[in-house]
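A structural walkthrough
Residue-level listing of the chains:
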Amino acid sequence: MDDDKLALATKTGARHGINTSRESLHQRLLELTGGLGPDVIIEAVGLPQTFRSAVEEVAFTGRVVYIGYAKEPVVYETRLFVQKELDIMGSRNALPEDFRQVLRMLEERRFQWMTP
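This report concerns the structure included in the present document. (Residues numbered from 1 in each chain as written. Predicted model: local features only at pLDDT ≥ 70, side-chain atom pairs only at ≥ 80, totals over all residues. Heavy atoms only, no water.)

Topic: the overall build of the protein
Counted only if it meets this: The way it works is that DSSP assigns letters per residue, a run of H or I at least four long becomes a helix, a run of E at least two long becomes a strand, and they are numbered from the N terminus. Note on classification: 1.4 Å probe, protein chains only; a residue is buried when its accessible area is under 20% of the maximum for its type, exposed when over 50%, partly exposed between these limits. Any two residues having at least one pair of non-hydrogen atoms within 4.5 Å are treated as being in contact.
Counting secondary structure elements, the protein contains five helices and three strands. Sequence-ordered secondary structure for the protein, helices as α and strands as β, is α-α-β-α-β-α-β-α. For the C-alpha atoms alone, the extent of the protein along its principal axes is close to 45 × 30 × 25 Å. Scored against the burial criterion, the 116 residues of the protein give a buried share of 22%. Within the protein, contacts between residues at least 6 apart in sequence are counted, and of these 38% link residues at least 24 apart.

Let's talk about the side chain of Glu57
To be explicit about the condition: A positive count includes Lys and Arg, and a negative count includes Asp and Glu. His and the chain ends are not counted in either. For this analysis, a salt bridge means a side-chain nitrogen from Lys or Arg found within 4 Å of a carboxyl oxygen belonging to Asp or Glu. Under the rule applied, a polar contact is a pair of N or O atoms within 3.5 Å (in protein, one hydrogen donor and one hydrogen acceptor; residues adjacent in sequence only if both atoms are side-chain atoms).
Within the fold, Glu57 resides in helix H3 (residues 48–57). Within the buried set, Glu57 has no salt-bridge partner at all; the shortest N-O distance to an opposite charge, 6.6 Å, is to Lys84. A distance of 2.9 Å separates the side chain of Glu57 from the side chain of His26, its partner in a polar contact. Look past the residues within four positions of Glu57 in its chain and what remains in contact with it is Leu25, His26, Leu29, Gly37, Pro38, Ile41 and Lys84.

Notes on the pattern of salt bridges
Evaluated as defined, the whole model comprises six salt bridges. Across the pair Arg100 and Glu97 runs a salt bridge whose closest N-O atoms are separated by 3.2 Å. Of the two residues, Arg100 and Glu97 are both situated in helix H5 (residues 96–107); the distance of three residues between them amounts to about one turn of the helix. The class for Arg100 is partly exposed, based on a relative accessible area of 44%. Exposure remark for Glu97: the relative accessible area of 37% places this residue in the partly exposed category. Between Glu97 and Arg104 there is a salt bridge, with its nearest N and O atoms 2.8 Å apart. A relative accessible area of 36% places Arg104 in the partly exposed class. What emerges from the salt-bridge pattern is a single network uniting Glu23, Arg28 and Glu31.

Quick word on the packing of aromatic side chains
What counts is decided by this rule: The pairing test for Phe, Tyr and Trp rings, Trp by its six-membered ring, is centres within 6.5 Å, and the orientation test on the planes gives stacked under 30 degrees, edge-to-face over 60, and tilted for anything in between.
Scanning the model with the defined rule gives two aromatic pairs in all. Plain terms: the ring middles of Phe51 and Tyr66 are 4.3 Å apart, the flat faces sit at 10° to each other, and that makes the pair stacked. Of this pair, Phe51 sits in helix H3 while Tyr66 is found in strand E2 (residues 63–66), placing the two residues 15 residues apart along the sequence. As far as the burial class goes, Phe51 and Tyr66 line up, both buried. Ring centres 5.3 Å apart and planes at 65° place the aromatic pair Tyr76 and Phe81 in the edge-to-face group. On the basis of relative accessible area, Phe81 is assigned to the partly exposed category, the value being 26%.

In structure tokens, the structure reads:
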């Protein structure tokens, strides 16, 4: 929903951005994935609607990784977990050294999408 963040994502290698205030997340993801949905969704916003959307939009046998924290309870349609055979994971174990390593890699332009 934030054009500045979408522009930054594009600048750092994202091929597609979806501003959900202007277009349908569901329709756009179907277009981008040939009707299947993404194999992996990483939720890093921490809103109940983005927690739900991750499970709703990921492909069958897909993986959802939660990084963000929802500040209120999240209600799910739990049948999707089973029907879609999803892997749902949480990840928040980064240490300060992990961030320093990523910053060094950025400075050294070691990510594949970065041009020399």
